Amino acid sequence: MEMAYPRIIIDTNKILHNVRIVVEIAKKNGITVAGVTKGFCAHKEIVKAYIEGGVKYLADSRINNLMRLEEFAIPKIFTRLPMLTEVKDVIRYSNYSLNSEFITMKALSNEALKQDKVHGVIIMIDLGDLREGYFKEDEVYSVAKKLSELKGIYIAGIGTNLTCYGGLIPNKELIKRLVNIGKNIEDLLKIKLEIISGGNSSSIHLLKSNKLDGVNNLRLGESLMCGTESAFGERIPGTYNDAFTLEAEIIEIKNKPSVPVGEIGKDAFGNIPSFIDRGIRKRIICAVGKQDIDYNTIFPIDDDLIILGGSSDHLILDGSDSKIDYKIGDRIKFNMHYVSILRAMTSEYIEKIIL
Ligand SMILES: *Cc1c(COP(=O)(O)O)cnc(C)c1O
């Protein structure tokens, strides 16, 4: 096989192991897992590890990705609030969607009737993170009432999203508020909600201490892929954090000053850079850039290498302290965190190798 670089190597066995561990912890708390697939563009081989590992739902924010999931016979959740212009596809490719606008849910209902389906809406509640969802509680109840009159949809549940925009960390009180809103809807409409979805990988830390009482679902991506909870960035015991590895090829090695020579203007992304003067250093350039990864979320496995920065197509490292005598054409390996995985999986310039 012709080797193409940069490439990302994905160990699906490690992902399967992570999924099993997280699904098991969740299960002990009466919680089902919706496996979020957007972080790896719903790549089928990885999706199989999610399913084998025991996720109950698949969830994604992009229609293109949901289309890739069509062959898997497991319920699907559309996780971004639907655009009015994609309602037809939302109904076609998902069983549930997260929602916070009546006009959109009405459009979903009309489309579902046309497609002879009944679609589950999950009403989003904003507990203060200030991304999506109803902020005022009485608005939730009045919309729930209006929704109960629509024939193409049913209220499948409620959900919240935390630590995404505002950085709000989930706690027992916030979860209690969510659960309570669910109970009120059940009383108001004399229905039983199927899904009380208590957030994403930032809610994992609450599992340890039984603080998710009343929640029966989490929508998880990062924790399954990287083995980390995202409120504090801690590892989940027993999981792997190296299921995704980046390999980039060296295209230049030269000794150069560590501070640019001459007047400093803006860099390629409009920021004025600043530098630490370490004297003359051995600088290594790899052929990978911001179009493919985010260099704040890749970490050289040779930890004597220092990432200095980069541009669209170049990653610059300081190799002076490394014990390895790198040569042109060698490949440098990096551990990856969520944002870089997301970007690398989306980049058509990165070869994907699935183990
Ligand atoms: C992306 C996303 C998730 C998954 O978040 P992780 O932090 O990767 O677990 C959950 N819910 C919604 C609405 C999302 O958009």
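A few words now on the site of the ligand. Near the ligand you find 13 residues, and of these Lys38, Ser201, Arg219, Gly221 and Glu222 are the closest. Take Arg219: an N or O atom from its side chain is 2.9 Å from a nitrogen atom of the ligand. Note that an oxygen atom of the ligand is positioned 2.9 Å from one of the backbone N or O atoms of Gly221. With the chains in place, 92% of the 390 Å² that the ligand exposes on its own is no longer accessible. Residue composition of the shell around the ligand, grouped by class: three nonpolar, five polar and five charged.

Glancing now at the side chain of Asp60. If you trace the backbone, Asp60 turns up in strand E3 (residues 57-60). Within the structure, Asp60 has its side chain in polar contact with the side chain of Thr37 (distance 2.6 Å). Within polar-contact distance, the side chain of Asp60 engages the side chain of Asn65 at 3.0 Å.

Another point: the packing of helix H6 (residues 137-147) against helix H7 (residues 172-189). Closest axis-to-axis distance for the H6/H7 pair is 10 Å, and the angle between their directions is 35°. In this structure, H6 meets H7 at a crossing whose hand is right-handed. For the pair formed by H6 and H7, the contact residues are Glu137, Val140, Tyr141, Ala144 and Lys145 on the first element and Arg177, Ile181, Asn184, Ile185, Leu188 and Leu189 on the second. Of the residues in the contact of H6 with H7, the class split is seven nonpolar, one polar and three charged.

With that settled, consider a nonpolar patch on the surface. Together, Val259, Ile264, Ile272 and Phe275 line one region of the surface with nonpolar side chains, adding up to about 350 Å² of accessible area. Summarising the element assignment, Ile264 is placed in the loop between strand E10 (244-257) and strand E11 (280-286).

In the structure shown here, the tally under the stated rule is two aromatic pairs. With 5.2 Å between their ring centres and 85° between their planes, Phe40 and Tyr50 make a pair best called edge-to-face. A residue pair is termed long-range when its members are at least 10 positions apart, and Phe40 in the loop between strand E2 (32-36) and helix H2 (44-53) and Tyr50 in helix H2 qualify at ten residues. Owing to a relative accessible area of 0%, Phe40 belongs among the buried residues under this scheme. Looking at Tyr50, the relative accessible area reads 0%, which means it is buried. Pairing Tyr57 with Tyr96 gives two aromatic rings, centres 5.7 Å apart and planes at 85°, and the pair type is edge-to-face. Of this pair, Tyr57 sits in strand E3 while Tyr96 sits in strand E5 (residues 96-99); the two residues are 39 residues apart in sequence, bridging distant segments of the chain. Each member of the pair, Tyr57 as well as Tyr96, is classed as buried. Across the ring face of Phe102, the terminal group of Lys146 is positioned such that the distance to the ring centre comes to 4.2 Å.

Criteria and thresholds
- Residues numbered from 1 in each chain as written.
- Predicted model: local features only at pLDDT ≥ 70, side-chain atom pairs only at ≥ 80, totals over all residues.
- Heavy atoms only, no water.
- Near = heavy atom within 4 Å.
- Polar contact = N/O pair within 3.5 Å; in protein donor to acceptor, adjacent residues only side chain to side chain.
- Areas by Shrake-Rupley, 256 points an atom, 1.4 Å probe, with all protein chains shown as cover.
- Nonpolar A, V, L, I, M, F, W, Y, C, P; charged D, E, K, R; others polar.
- Helix = DSSP H or I, 4+ residues; strand = E, 2+ residues; numbered from the N terminus.
- Axes fitted to C-alpha atoms, helices over the stretch in contact; angles between N-to-C directions.
- Left-handed = near helix turned anticlockwise from the far one by under 90°.
- Contact = heavy atoms within 4.5 Å.
- Patch = residues over 30% accessible without salt bridge, like charges linked within 9 Å, V, L, I, M, F, W, Y side chains within 5 Å.
- Salt bridge = Lys/Arg side-chain N within 4 Å of Asp/Glu carboxyl O.
- Phe/Tyr/Trp six-rings, centres within 6.5 Å; stacked < 30°, edge-to-face > 60°.
- Buried < 20%, exposed > 50% of the residue type's maximum accessible area, 1.4 Å probe, protein only.
- Lys NZ or Arg CZ within 6 Å of the ring centre and 35° of its normal.

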